[in-house]
Amino acid sequence: MRTGVEGFQGARLKQLRAAHSLTLVELGERIGRSSSTLSAWENGAQLPEAESLGLLCRTFGVSRLWFLKRVPVAVENPRPYFFRNEAAAYKQARERSQLYLTWLQEISAFFQDAMDWPPLNIPMMEVDDCRQISDDDIEDMARLCRQRWNLGTSPIQDVIQVMENAGIICTRATLGDVKMDGVSHVSMMDGRPYVLIAEDKANAIRNRFDAAHELGHIVLHSQISESQYAKGAYYKRMEEQAHRFASAFLMPAESFSQEVVWPTLDNLLSLKPRWKVSVAAMIARCRDLSLVNESLELRLWKGRSSRKWTKSEPGDNAVAFERPKLMMRGVHLLVENGVFERDALVNQIGLAPATIEMLCNLSEGYLTAQPSTEDRVVPIRLKQNQRNAQGIDSKPADVLEFRR
């Protein structure tokens, strides 16, 4: 008979180790337990005693409830997590980004017990094979997104805000690798798309393109199976398709082509503050729209390289980073309406406060700050039945409306 804390979920410990890049030996040294014991906890062969559970909680800064929550059950045909870089060298950063996005989905599902997110308004292709998607299809879908979201053909001021307005949950997170761009996934929990943009890359211009790239995966590849995405040749094709979508979405053919009177490096650079895209992205878009021939395109790439713009370009720092706001406003809504005290919210989610703050894009220390005495308000509850102004019995709403 096993002894220990009943209900302990070993998979939660495995998640935390992966997020903190800890081996069994390294974690064992921190809490004074053997690696074989930790392995047994993770695979369910043993249960940690109460003292060991307390050590784990303190080590990772999580609540006891975290280790008692079941990990969402995997489905038979899971949807893929779309990564910009599949190289083995970035495996650790990919695992961390997938974990963060999975936790974000869990937090979002928890919030949805008390409130509603904006309704989904995303055109998605009903295609289960990327080989069926043509360049014309990509241009059409980018155009359809702009039409449905009333964006016209002008430059988009805030890509992440546009995505959140359409019901996509976004976050920014530090992954520990500057070559990781982002990851996206259509959740099997609620059918809602989730996007994580890597915060390691200190370039707002490229972050905007990364967000549009992940939007491309959502629009073009939501029906693609994980097995097809895992194949090298198809992976490369889908990345190219998402890249093409990002270009078409950010630089519509109708308007962008009219502004590129003559595609020189200096002329393209002058358009950068208006379109908020890199010169490299504009060169690629000029190629897609046949605004340059192969010879001119090659000269532009060589000229860009000779000016040493390959790692950074002039004007990269002139654009502010776009910040996701939806999860942050969700937390504020729950706290300010008295649905949860901050410490209770942290306890129920289970993760460390700093991790929740990062995933929900909250200011540092928000969840651990104590309100001043003047700010504390005695909660007032509505009666179960009350009369409205017309004298008709009514009941308080069960769902909090999300404020835009």
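Described in the following lines is the structure provided in the data block. Predicted, not measured: the structure shown is a model, and the values here were computed from it.

Next up on the list: the overall build of the chain. When its secondary structure is counted, the chain shows 17 helices and six strands. Residue burial in the chain is summarised as follows: out of 404 residues, 49% are buried. Excluding contacts between residues fewer than 6 apart, the proportion of contacts in the chain whose partners are at least 24 apart in sequence is 74%. Per element, the accessible surface of the chain, about 20400 Å² overall, is 49% carbon and sulfur.

The geometry of helix α2 (residues 24–31) relative to helix α4 (residues 50–60) is characterised by a closest axis approach of 10 Å and an angle of 105° between their N-to-C directions. In terms of their interaxial angle, α2 and α4 are classed as roughly perpendicular. Of the residues in α4, those touching α2 at Leu-27, Arg-30 and Ile-31 are Leu-55, Leu-56, Thr-59 and Phe-60. Split into classes, the residues belonging to the contact of α2 with α4 amount to five nonpolar, one polar and one charged.

Attention now moves to the packing of aromatic side chains. Enumeration according to the criterion identifies 11 aromatic pairs in this entry. Between the aromatic rings of Phe-8 and Phe-67, the centroid separation amounts to 5.4 Å while the plane-to-plane angle is 20°, which identifies the pairing as stacked. Note that Phe-8 is positioned in the segment before α1 (10–19) and Phe-67 in the loop between α4 and β1 (82–83), a separation of 59 residues in sequence. Judged by its relative accessible area of 0%, Phe-67 is buried. Ring centres 6.4 Å apart and planes at 50° place the aromatic pair Phe-111 and Trp-117 in the tilted group. Taking relative accessible area as the criterion, Phe-111 reaches 0% and is therefore assigned buried. Each residue in the set Phe-110, Phe-111, Trp-117 and Phe-340 is aromatic and connected to the rest through ring pairs, giving one cluster. Positioned above the aromatic ring of Phe-249 is the side chain of Arg-146, whose terminal nitrogen or guanidinium carbon lies 5.8 Å from the ring centre.

For the rest of this paragraph, the subject is the sheet that holds strand β4 (residues 193–198). Strand order in this open sheet of four strands is β1-β3-β4-β2, and the pairing throughout is mixed. Two strands lie at the open edges of the sheet, namely β1 and β2 (169–173), each paired on one side alone. Bridge count for β2 against β4 is five bridges, and the pairing is parallel. Directly across from Ala-173, in β4, lies its bridge partner Ala-198.

Our focus in this paragraph is the nonpolar core. Ranked by internal contacts, the top residues of the largest apolar core, which has 61 residues, are Leu-56, Phe-67, Trp-103, Phe-111 and Val-331. Ranked by residue count, the leading element in this core is helix α5 (residues 91–111), at seven residues. Sequence-distant contacts of Trp-103, defined by excluding residues within four places in its chain, comprise Arg-12, Gln-15, Leu-16, Ala-19, Trp-66, Leu-351, Thr-355 and Leu-359. Core analysis: the second largest hydrophobic core is formed by 48 residues, Met-141, Cys-170, Val-260 and Met-282 among them.

With six of six residues buried, β4 lies mostly within the body of the structure. Judged by which residues are buried, β4 turns out to be covered on both faces: Pro-193, Val-195 and Ile-197 on one side and Tyr-194, Leu-196 and Ala-198 on the other are all buried. In terms of strand pairing, strand β3 (residues 182–186) meets β4 through five bridges, oriented antiparallel. When the bridges of β4 are listed, Val-186 appears paired with Pro-193. Linking β3 back to β4 in an antiparallel pair, the connection comprises six residues, with Gly-191 at a positive phi of about 70°.

So, on to the packing of helix α8 (residues 204–221) against helix α10 (residues 232–250). Following both chains from N to C, one finds α8 and α10 inclined at 115°, their axes separated by 7 Å at the closest point. Taken together, the axes of α8 and α10 lie roughly perpendicular to each other. Classified by chirality, the crossing of α10 by α8 is right-handed. Along the contact surface, α8 presents Arg-208, Phe-209, Ala-212, His-213, Leu-215, Gly-216, His-217, Val-219, Leu-220 and His-221, while α10 presents Met-238, Glu-239, Gln-241, Ala-242, His-243, Phe-245, Ala-246, Ser-247, Phe-249 and Leu-250.

Applying the stated criterion across every chain yields a total of 18 salt bridges. Linking Glu-49 and Arg-33 is a salt bridge whose minimum nitrogen-to-oxygen distance equals 3.1 Å. Taken together, the residues span a long stretch of sequence, with Glu-49 in the loop between α3 (35–43) and α4 and Arg-33 in the loop between α2 and α3 at a distance of 16 residues. Since its relative accessible area comes to 34%, Glu-49 is described here as partly exposed. Looking at Arg-33, the relative accessible area reads 24%, which means it is partly exposed. Salt-bridge contacts for Arg-143 lead to Asp-140; the nearest nitrogen and oxygen are separated by 3.0 Å. Residue Arg-143 and its partner Asp-140 are located together in helix α6 (residues 135–148), separated by three residues, close to a single helical turn. A single network of salt bridges, built from pairs that share partners, joins Asp-135, Glu-139, Arg-244, Arg-285, Arg-287, Asp-288 and Glu-297.

Before going further, it helps to spend a moment on the environment of Gly-167. Here Gly-167 shows up in the loop between α7 (159–165) and β2. Separated by 50 residues in the primary sequence, Gly-167 and Trp-117 place their C-alpha atoms 6.8 Å from one another. Apart from residues lying up to four places away in sequence, Gly-167 is in contact with Pro-118, Pro-119, Leu-120, Arg-192 and Pro-193.

This part is about helix α15 (residues 326–336). Residues spaced three or four apart along an α-helix face the same direction, because each turn holds 3.6 residues. Turning to α15, its buried residues are Leu-326, Met-327, Gly-330, Val-331, Leu-333, Leu-334 and Val-335. Packed against the buried residues of α15 are α5, α7, β2, α16 (342–349) and α17 (353–359). Within two residues after α15, Gly-338 carries a phi angle of roughly 75°, on the positive side.

Once that is clear, we can look at the pairing of β3. Across the five residues that make up β3, a large majority, five, are buried. Burial of β3 is two-sided: the residues Gly-182, Ser-184 and Val-186 facing one way and the residues Val-183 and His-185 facing the other way are all buried. Looking at chain direction, β1 and β3 are connected through two bridges and run antiparallel. Paired with Phe-83 across the strands is Val-183, a residue of β3.

About the criteria used
- Residues numbered from 1 in each chain as written.
- Predicted model: local features only at pLDDT ≥ 70, side-chain atom pairs only at ≥ 80, totals over all residues.
- Heavy atoms only, no water.
- Helix = DSSP H or I, 4+ residues; strand = E, 2+ residues; numbered from the N terminus.
- Buried < 20%, exposed > 50% of the residue type's maximum accessible area, 1.4 Å probe, protein only.
- Contact = heavy atoms within 4.5 Å.
- Areas by Shrake-Rupley, 256 points an atom, 1.4 Å probe, with all protein chains shown as cover.
- Axes fitted to C-alpha atoms, helices over the stretch in contact; angles between N-to-C directions.
- Parallel < 35°, antiparallel > 145°, perpendicular 65-115°, else oblique.
- Nonpolar A, V, L, I, M, F, W, Y, C, P; charged D, E, K, R; others polar.
- Phe/Tyr/Trp six-rings, centres within 6.5 Å; stacked < 30°, edge-to-face > 60°.
- Lys NZ or Arg CZ within 6 Å of the ring centre and 35° of its normal.
- Pairing = 2+ DSSP bridges.
- Core = buried A, V, L, I, M, F, W, Y, C linked by side-chain atoms within 4.5 Å.
- Left-handed = near helix turned anticlockwise from the far one by under 90°.
- Salt bridge = Lys/Arg side-chain N within 4 Å of Asp/Glu carboxyl O.

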